[in-house]
Amino acid sequence: QVQLAESGGGLVQSGGSLNLSCAASTVDSRIGTMGWYRQAPGKQRELAATIDTWKTPTYADSVKGRFTISRDNYQKTVFLQMNALKPEDTAMYYCYSRTYLVGSPDSTDYWGQGTQVTVSS
């Protein structure tokens, strides 16, 4: 079982910055890839950025060059630094974690409750 605690959303003007963080807590699972997905009103949830355990990032084309994802493996925390924010970045941002029970190759995906990011023009 894994719990994901997100923080850092809010309201910012276009061109501004926000930093999201998400901490995973577990006693029986190994944390694999972590990341952030986002969902705007009336749209499907989409990838923003993910990062694997070797700290290799993957970004959606729409955020490349503006967002930076990082992680602290010891603290089981993932961060998303968002710069040069645009109104189209407005969405609920969900933390994601793929986890593995210790000693098992099977994985389970977990999601956080979401944190709202609103960018005003």
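Reference entry: report on the structure contained in this document.

This paragraph deals with the state of the cysteines. Summed over all chains, the structure comprises 1 disulfide. At a sulfur-sulfur separation of 2.0 Å, the disulfide partner of Cys22 is Cys95. In this structure, the disulfide formed by Cys22 and Cys95 twists by about -85° around the S-S bond and is classed as left-handed. Residue Cys22 is located in strand β3 (residues 18–25), and its partner Cys95 is located in strand β9 (residues 91–101); the two are separated by 73 residues in the primary sequence. On the accessibility criterion, Cys95 (0% relative accessible area) is buried.

Here the focus is the side chain of Arg71. By the element assignment, Arg71 lies in strand β7 (residues 67–72). The buried charged residue Arg71 lacks any salt bridge, with Asp52 as its nearest oppositely charged partner at 6.0 Å. Engagement of the side chain of Arg71 in a polar contact is seen with the backbone oxygen of Ile51, the distance being 3.1 Å. In terms of polar contacts, Arg71 uses its side chain to reach the side chain of Asn73, at 2.6 Å. Once residues within four sequence positions are removed from consideration, Arg71 is found in contact with Ile31, Gly32, Thr33, Met34, Ile51, Asp52, Thr53, Lys55, Thr77, Val78 and Phe79.

This paragraph deals with the sheet that holds strand β8 (residues 77–82). Taken in spatial order, the 4 strands line up as β1-β3-β8-β7 in an open sheet, and their pairing is antiparallel. The open sheet has two edge strands with one neighbour each: β1 (3–7) and β7. Along the sheet, successive strands turn relative to each other by an average axial angle of 15°, direction set aside. Relative to β8, β7 runs antiparallel, the two sharing 6 bridges. From the neighbouring strand, Asp72 faces β8, where its bridge partner is Thr77.

Rules and cut-offs
Residues numbered from 1 in each chain as written. Predicted model: local features only at pLDDT ≥ 70, side-chain atom pairs only at ≥ 80, totals over all residues. Heavy atoms only, no water. Disulfide = S-S within 2.5 Å. Helix = DSSP H or I, 4+ residues; strand = E, 2+ residues; numbered from the N terminus. Buried < 20%, exposed > 50% of the residue type's maximum accessible area, 1.4 Å probe, protein only. Lys, Arg positive; Asp, Glu negative; His and termini not counted. Salt bridge = Lys/Arg side-chain N within 4 Å of Asp/Glu carboxyl O. Polar contact = N/O pair within 3.5 Å; in protein donor to acceptor, adjacent residues only side chain to side chain. Contact = heavy atoms within 4.5 Å. Pairing = 2+ DSSP bridges. Axes fitted to C-alpha atoms, helices over the stretch in contact; angles between N-to-C directions.

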